[in-house]
Amino acid sequence: MIDLLAKFDSIRAEYDFLKSTGLSDPFGVVMERVLSPTRAIIQGRETILVGTYNYMGMTFDADVIAAGKAAMDSFGAGSTGSRVLNGTFATHIGVEQALKDFYGTSSAIVFSTGYQANLGMVSTLAGKDDVILLDADSHASIYDGCKLGHAEVVRFRHNDVADLEKRLRRVPEGKGKLVILEGVYSMLGDVAPLRELVPAAKAAGAMVLVDEAHAMGFFGPNGRGVYEEQGLEGEVDFIVGTFSKSVGTVGGFAVSNHPHFEILRLVTNPYRFTASLPPVVAASAEASIRKLMTAAPKRERLWAASRKLHASLKAAGFTMATETAESAIIAVLMPSQEACVLMWSALLDHGIYCNLSRPPATPMGVYLLRCSLSSEHTLDDVDEITRRFVAARAATQALAA
């Protein structure tokens, strides 16, 4: 018998070695109790959360919680069915209407996760006679959507307009083209130059899908994302997003003004062959999205905290992944995997939870301590986070000595 798990032996050995060091497991953190969007109890200690993607702090919003409780009382705990069969409740219609109102689009489709939104949209939009052109740093859900479909897939260099144009020119005449971009890339927190990439795609006759998972809520005058911030609302064909970041719940969605967009409900397997969101989640998401329509003060607080944290860590001598704070993702570059793990563990010991990111999630050879801030982090919080980063670095240097 061939052990089908043997192919993962090298990864298992690496993970076993990490656990044998006695350091905290960066992939096994348990939040014993969540106190607020910025605080939780981890390993019995109150910890500042700097890695949850809870950008707009909506998880503890009183109206969001109340909407969820009311839906639980009215509809029960779950849907038990697909949206095209028995799984469409009033709450699903409500959250899709909220998305249409938020984005100003004619259509919105809600998926059970953001991952499924990309699986469904990417695999369904481009067929066997079409070509997908995607940024090399695209999220795993986009790559997996490509694998699930039958289109030819062409990668172009990250945020490289000239390389996209070159590869578009090589697509044979008569083939459909879908260019897939992200507003904010989740590893480094860098922003795509959509105002250059999108016109290049449209000039070549391509349709454009932009994933705004890490930009919804705080980019653009209405919080719609980088495409709105860069003035491209009339140019992008499909927007994909998630509820698990700024909305503060779980789920995914796609919105569009395409006149035939609704047909996707009947032809997209990750939509029609999975159970719909529990009504409590859909109702909570609707309440959150409607509050995000008037969340300008939250956006201002988030940007102020993000810019200050980036500047403070840079001034303290840390190597940052971007020159300035381009988003609410503040990524600190580490010289090696060992240094990254040591620093991450020291941060947890000092009451800071952030994300340890390594290949294949990051480009080969890139190791990150990835922070993501919330609108509920104060500027005093930022000062404390910086102090603890400095203390954790001193602790790792003492260990190395």
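Going by the structure above, here's the rest.
Residues numbered from 1 in each chain as written. Predicted model: local features only at pLDDT ≥ 70, side-chain atom pairs only at ≥ 80, totals over all residues. Heavy atoms only, no water.

### Thoughts on the environment of cysteine 146
Here comes step 1: Here cysteine 146 lies in helix α5 (residues 140-148).
Here comes step 2: Sequence separation between cysteine 146 and leucine 134 is 12 residues; the distance between their C-alpha atoms is 9.6 Å.
Here comes step 3: In contact with cysteine 146, not counting residues within four places along its chain, are Val122, Ile132, Leu134 and Val153. (Helix = DSSP H or I, 4+ residues; strand = E, 2+ residues; numbered from the N terminus. Contact = heavy atoms within 4.5 Å.)

### Describing the pattern of salt bridges
Note that side chains of opposite charge can pair when their charged atoms are close.
Here comes step 1: In total, this model carries 26 salt bridges according to the counting rule given.
Here comes step 2: Through salt bridges that share partners, Arg157, Asp160, Asp163, Lys166 and Arg167 make up one connected network. (Salt bridge = Lys/Arg side-chain N within 4 Å of Asp/Glu carboxyl O.)

### Brief notes about the sheet that holds strand β9 (residues 238-242)
Here comes step 1: Overall, mixed pairing links the 7 strands, which are arranged β4-β10-β9-β8-β7-β5-β6 in an open sheet. Looking at the sheet topology across the chains shown, the edges are occupied by β4 (107-111) and β6 (152-156). Each neighbouring strand pair of the sheet contributes to a mean axis angle of 20°, computed without reference to strand direction.
Here comes step 2: Relative to strand β10 (residues 252-256), β9 runs antiparallel, the two being bridged by 5 bridges. Looking at β10, one finds that threonine 242 is bridged to glycine 252.
Here comes step 3: Its contacts with the sheet place helix α4 (residues 114-125) against β4, β5 (130-135), β7 (176-182), β8 (207-211), β9 and β10, and it is angled at close to 155° to β9.
Here comes step 4: Taken strand by strand, helix α6 (residues 161-169) contacts β5, β6 and β7, and its axis lies near 150° from that of β6. (Pairing = 2+ DSSP bridges. Axes fitted to C-alpha atoms, helices over the stretch in contact; angles between N-to-C directions.)

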